[in-house]
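Listed here are the chains, written in short residue letters.
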Amino acid sequence: MLSVPTLWTVFIINFLALGVIWAYVLRSYPKLAAARFWTGSAAAAVFGAILAMLRQHFDALLPLLLGGVLMVFAVCLAAMGVAQFYGRPIGWRHTLLTTGLTGAGLLLFTYVYDDMPMRMATYSLGLVLPLVVMLRVLWLSRREGQLNPGARLAGGLILLAIVVCAIRPVSIWFGASASASQPGAVAPFAILGLMFLSMSINFGFLLMAVDRLRNEVADLALIDDLTGVANRRHLMQRLSEECARSERSGKPFSLLVIDLDGFKAINDSRGHAAGDACLQHFTLMAQTRLRPGDMLARAGGDEFAIVLPSASLREAAMIARRVLQICREDAEACIGADIPISVSIGVAQWTAEVGAYPDILIAHADHALYAAKNEGKNRYAAHSSAPSVAPEIDDMTVLKVPAPDMASRSAAGD
């Protein structure tokens, strides 16, 4: 026959180790807020098991009841951790309500109405409720495409834990022994099953955390450290995706290539810190003029690019004018040691000639950029392989681009 004290001892050792692991994860990755709840869950489970063990040394049920309440609290904390992990609303009200009602039910069916089946049903219900909450969060995340292999493992094991929690009260209702020391008792097997499942569920949580951290590292590899926008690697990935999409659908998209005018002079005269500040300031200004879904990227040095999904050359030219306008307005407002920023922009649209090769589209936008710089900078020019750009605007001058393969328009300030 399985020894209940031995099982509780193993339970305590396992959850102590688990608590140490989660505490180390929390210390190493403090932004993983869910680890706080999972660390607390492991600690509550340890103290609950210690109290349950005291039942073997004291002829009273109170330590066992308090241990059961702490176990329910531990599962509630684990559920809060899952909700926190997936960005769901979390609150202590449900946790305290579930824990408090479980404790009240255990006391009621121990000291007011001594009813073992009802006591066991109350405890099992207290465990099942937060498990169901966890399962619901994982199911909703699955529908949103956020579920990873660790979450699927945890979800399957949580379902098994719910079944195990239901087996013990049902078996008692059908005449199984409620005492852990009597032959045919289900308590040792229930403890063993829940211990295995709880450890395995936490292993699933660890896999979820590892997958999240790995994705964050991958995201960092696609972000420019200085400006916080996409880097060249991310830009090329996005352009490849947009080219493939346009090739399938035949619908164009556009690209802006932007160069800060006189940036080398700023670095030479004001220092690299001033140059970095200019790059950051331009990034903030440009982002205010983009549509949802547009992507601003730093291609390198003082060169930026903006990917405009589903935008024609005409629409791209309008966005280029908006970026130029905010830079001009900001330059006019400069006083004292402020550094005015001006930019030149090349505009190009995807065509069948580009196909699935983003380098061709970049070359088209670069040609337009060079044309804008040759015409005096602080303006935009559009590549000729697409329809006309936009009608003239009173405060802009339309220029012909003097390039053999270009017949674009360029807009400049007065």
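Residues numbered from 1 in each chain as written. Predicted model: local features only at pLDDT ≥ 70, side-chain atom pairs only at ≥ 80, totals over all residues. Heavy atoms only, no water.

Re the overall build of the chain
- On a plain count of helices and strands, the chain comes out with 12 helices and seven strands.
- Across the 414 residues in the chain, those meeting the buried criterion constitute 48%.
- Summarising the internal contacts of the chain: among those between residues at least 6 apart in sequence, 69% fall at separations of at least 24. (Helix = DSSP H or I, 4+ residues; strand = E, 2+ residues; numbered from the N terminus. Buried < 20%, exposed > 50% of the residue type's maximum accessible area, 1.4 Å probe, protein only. Contact = heavy atoms within 4.5 Å.)

What to know about helix α9 (residues 263-270)
- Taken residue by residue, α9 has F263, I266 and N267 as its buried positions. One side of α9 carries all its buried residues, which in axial view fall inside an arc of 95 degrees. Looking at α9, the residues exposed on the side facing more than 90 degrees away from the buried face are K264, D268 and S269.
- Summarising the contacts, the buried residues of α9 are in contact with β1 (254-260) and α10 (272-287).
- Downstream of α9 by a residue or two, G271 has a phi angle that is positive, lying close to 100 degrees. (Arc of directions from axis to C-beta.)

Topic: the packing of aromatic side chains
- Scanning all chains against the criterion turns up nine aromatic pairs.
- Where F11 meets F15, the ring centres are 4.5 Å apart and the plane angle is 20 degrees; that geometry is what we call stacked. Here F11 and its partner F15 are both found in helix α1 (residues 4-28), four residues apart, which amounts to about one turn of the helix.
- Classification of F15 by relative accessible area gives buried; the value is 5%. (Phe/Tyr/Trp six-rings, centres within 6.5 Å; stacked < 30°, edge-to-face > 60°.)

Comments concerning the pattern of salt bridges
- A complete count under the given rule lists nine salt bridges for this structure.
- In this structure, D224 and R298 form a salt bridge, with 3.3 Å as the shortest nitrogen-oxygen distance. Taken as a pair, D224 in the loop between α7 (187-220) and α8 (232-249) and R298 in strand β2 (residues 295-300) lie far apart in primary sequence, 74 residues in all.
- Accessibility expressed as a relative area gives 16% for R298, which makes it buried.
- As a salt-bridge pair, D268 and K264 come within 2.9 Å of each other at their nearest N and O atoms. You can see D268 and its partner K264 sitting in helix α9, four residues apart, about one turn around the helix. When sorted by exposure, D268 lands in the same class as K264, which is exposed.
- Several salt bridges converge on common partners, so that one network encompasses R238, E242 and R245. (Salt bridge = Lys/Arg side-chain N within 4 Å of Asp/Glu carboxyl O.)

Overview of unusual backbone geometry
- With a phi angle near 55 degrees, S310 is a residue other than glycine that sits in the positive phi range.
- Relative to the helices and strands, S310 is located in the loop between β3 (303-308) and α11 (313-332).
- On the basis of relative accessibility, which here comes to 63%, the residue S310 falls in the exposed class.
- At K377, a residue that is not glycine, the phi angle is positive and equals roughly 65 degrees.
- Overall, the relative accessible area of 37% leaves K377 in the partly exposed class.

A word on the environment of F109
- Examined against the element boundaries, F109 turns out to sit in helix α4 (residues 92-112).
- With 10 residues separating them in the primary sequence, F109 and R119 have C-alpha atoms 5.5 Å apart.
- With near-sequence residues (within four places) excluded, F109 lies in contact with D114, D115, M118, R119 and T122.

Here we look at the pairing of β2
- Among the six residues in β2, five count as buried, and that is most of the element.
- Between the antiparallel neighbours β2 and β3 lie two residues, among them G301 with a positive phi of about 60 degrees. (Pairing = 2+ DSSP bridges.)

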